[in-house]
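Close look at the chain arrangement
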Amino acid sequence: MAADLLSSKMESSMHITTKTVGDDRIRRAKENDEDIAVLSTFLPEALDDAKSTRHFECALGYRCLLGDPKKAPAGTKKMEYKTRQWHEKCFCCCVCKTAIGTKSFIPREQEIYCATCYEEKFATRCVKCNKIITSGGVTYKNEPWHRECFTCTNCNTSLAGQRFTSRDEKPYCADCFGELFAKRCTSCSKPITGIGGTRFISFEDRHWHNDCFICASCKTSLVGRGFITDADDIICPECAKQKLM
């Protein structure tokens, strides 16, 4: 007797391929304990040993679309999946109630879903646009984003694969964070971000990049050395002595 076989091998996490084969392929699949659904037909009692009919009970139970979960008239098709059986019409998506037939389906916790309803109900969605993430994606604060949706809060530049920092739980690229929030160097007025290990010097209420912390007179680095303030400038001890002479 010929029959249809639905293979549940996943092409991705949410798609199942379908194909039609004969009895030999079904027998091998069952012997190998493959995850399959088999569509077959109830034979007249004269041609059947009546075992399949006698032990049949639709898995929908009181929700059976034929009204009787044990009803098995000759010629009616049935679907068998794992240890359960359905009338063909009853093997349907638990959400939209569309009969699966030989289309793709996805089993989850004893329920059967069509691919569309499964994606709508269980697929990972981007927290920014609420659309399904089909591939790739970024996780930030344990929440999923499309790569193109994970952008700087200020300039909307993509942050996927880039250095960034956050403020008030919002991500910013290095440039915007520096312009908006960072301290500014007393010498060059550029932001001191600290991103990437940038070192800086602080004295009272003033701040300098390491490379900018130099004597105002001789331009030698004052990092790790003593210095003297001269109005808004900082100078090395040698230059300070020269000024006093």
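Residues numbered from 1 in each chain as written. Predicted model: local features only at pLDDT ≥ 70, side-chain atom pairs only at ≥ 80, totals over all residues. Heavy atoms only, no water.

Scanning the protein from N- to C-terminus turns up five helices and 18 strands. Across the 245 residues of the protein, 35% fall into the buried class. Long-range contacts, defined as pairs at least 24 residues apart, comprise 33% of the intrachain contacts of the protein with a sequence gap of at least 6. Accessible surface, the protein: about 15400 Å² in total, of which carbon and sulfur atoms supply 47%. (Helix = DSSP H or I, 4+ residues; strand = E, 2+ residues; numbered from the N terminus. Buried < 20%, exposed > 50% of the residue type's maximum accessible area, 1.4 Å probe, protein only. Contact = heavy atoms within 4.5 Å. Areas by Shrake-Rupley, 256 points an atom, 1.4 Å probe, with all protein chains shown as cover.)

As a further point, take the nonpolar core. In terms of nonpolar packing, the biggest core is built from 19 residues, with C58, Y81, W86, F91, F105 and I112 touching the most fellow members. The set of elements that each furnish at least two residues to this core consists of β4 (36-41), β5 (77-81) and β8 (111-114). Excluding residues that lie within four positions of it along the chain, C58 makes contacts with C64, P69, Q85, W86, H87 and C90. Formed by 14 residues, the second largest nonpolar core is a distinct cluster that contains F150, L159, A160 and C173. (Core = buried A, V, L, I, M, F, W, Y, C linked by side-chain atoms within 4.5 Å.)

We now examine the environment of K70. Residue position: K70 is located in the loop between α2 (51-54) and β5. For the pair K70 and A59, spaced 11 residues apart in the sequence, the C-alpha separation amounts to 9.6 Å.

Overall, the coordinates contain 14 aromatic pairs when judged by the stated rule. Through successive ring pairs, a cluster of aromatic residues spans Y81, W86, F91 and F105. One cation-aromatic arrangement involves R108 over F122; the distance from NZ or CZ to the ring centre is 3.8 Å. (Phe/Tyr/Trp six-rings, centres within 6.5 Å; stacked < 30°, edge-to-face > 60°. Lys NZ or Arg CZ within 6 Å of the ring centre and 35° of its normal.)

Another point: the pattern of salt bridges. All told, the structure shown has three salt bridges when counted by the stated rule. One salt bridge connects K141 with E169, and the closest N-O pair in it is separated by 3.5 Å. Taken together, the residues K141 in the loop between β9 (138-140) and β10 (143-145) and E169 in the loop between β11 (164-167) and β12 (170-173) connect sequence positions 28 residues apart. K141 sits in the partly exposed class, given a relative accessible area of 45%. (Salt bridge = Lys/Arg side-chain N within 4 Å of Asp/Glu carboxyl O.)

Turning next to the state of the cysteines. Scanning the entire structure with this criterion turns up zero disulfides. Note on C188: no disulfide assigned, nearest cysteine sulfur contributed by C185 at a separation of 3.8 Å. Not engaged in a disulfide, the cysteine C218 finds its nearest cysteine sulfur in C215; these two sulfurs lie 3.7 Å apart. Exposure remark for C218: the relative accessible area of 35% places this residue in the partly exposed category. (Disulfide = S-S within 2.5 Å.)

Here we take up the pairing of strand β15 (residues 200-203). When a strand is regular, its side chains alternate between the sheet's two faces. In this structure, β15 lies alongside strand β16 (residues 206-209), joined through four bridges in antiparallel fashion. In the strand pairing of β16, F203 is matched with R206. Following β15, the chain reverses through two residues before pairing antiparallel with β16; E204 in that reversal takes a positive phi of roughly 55°. (Pairing = 2+ DSSP bridges.)

Phi at K82 is positive, roughly 55°, even though this residue is not glycine. Non-glycine residue N142 carries a positive phi angle of around 65°. Residue position: N142 is located in the loop between β9 and β10.

Here β4 runs beside β5; their pairing, made up of five bridges, is antiparallel. Paired with V38 across the bridge in β5 is E80. Where β5 and strand β6 (residues 84-87) come together, four bridges link them in antiparallel fashion. Among the inter-strand pairings, E80 is bridged to a residue of β6, identified as Q85. A loop of two residues connects β5 with β6, the two strands running antiparallel in sequence, and K82 in this loop sits at a positive phi of about 55°.

This part is about the confidence of the model for the protein. In this model, the protein carries an average pLDDT of 78, and 78% of its residues clear a pLDDT of 70 or more. Per-element confidence in the protein ranges from a low mean pLDDT of 36 for strand β2 (residues 10-12) to a high of 90 for β6. Of the regions scoring below 50 in pLDDT, residues 1-21 engages in 70 contacts with residues more than four places distant in sequence or in other chains. (pLDDT = per-residue confidence, 0-100.)

Now for the environment of S166. Along the polypeptide, S166 turns up in strand β11. On a C-alpha basis, the gap between S166 and F177 in space is 8.0 Å, while along the polypeptide they are 11 residues apart. Those residues in contact with S166, other than ones at most four positions away along the chain, are Y140, P171 and F177.

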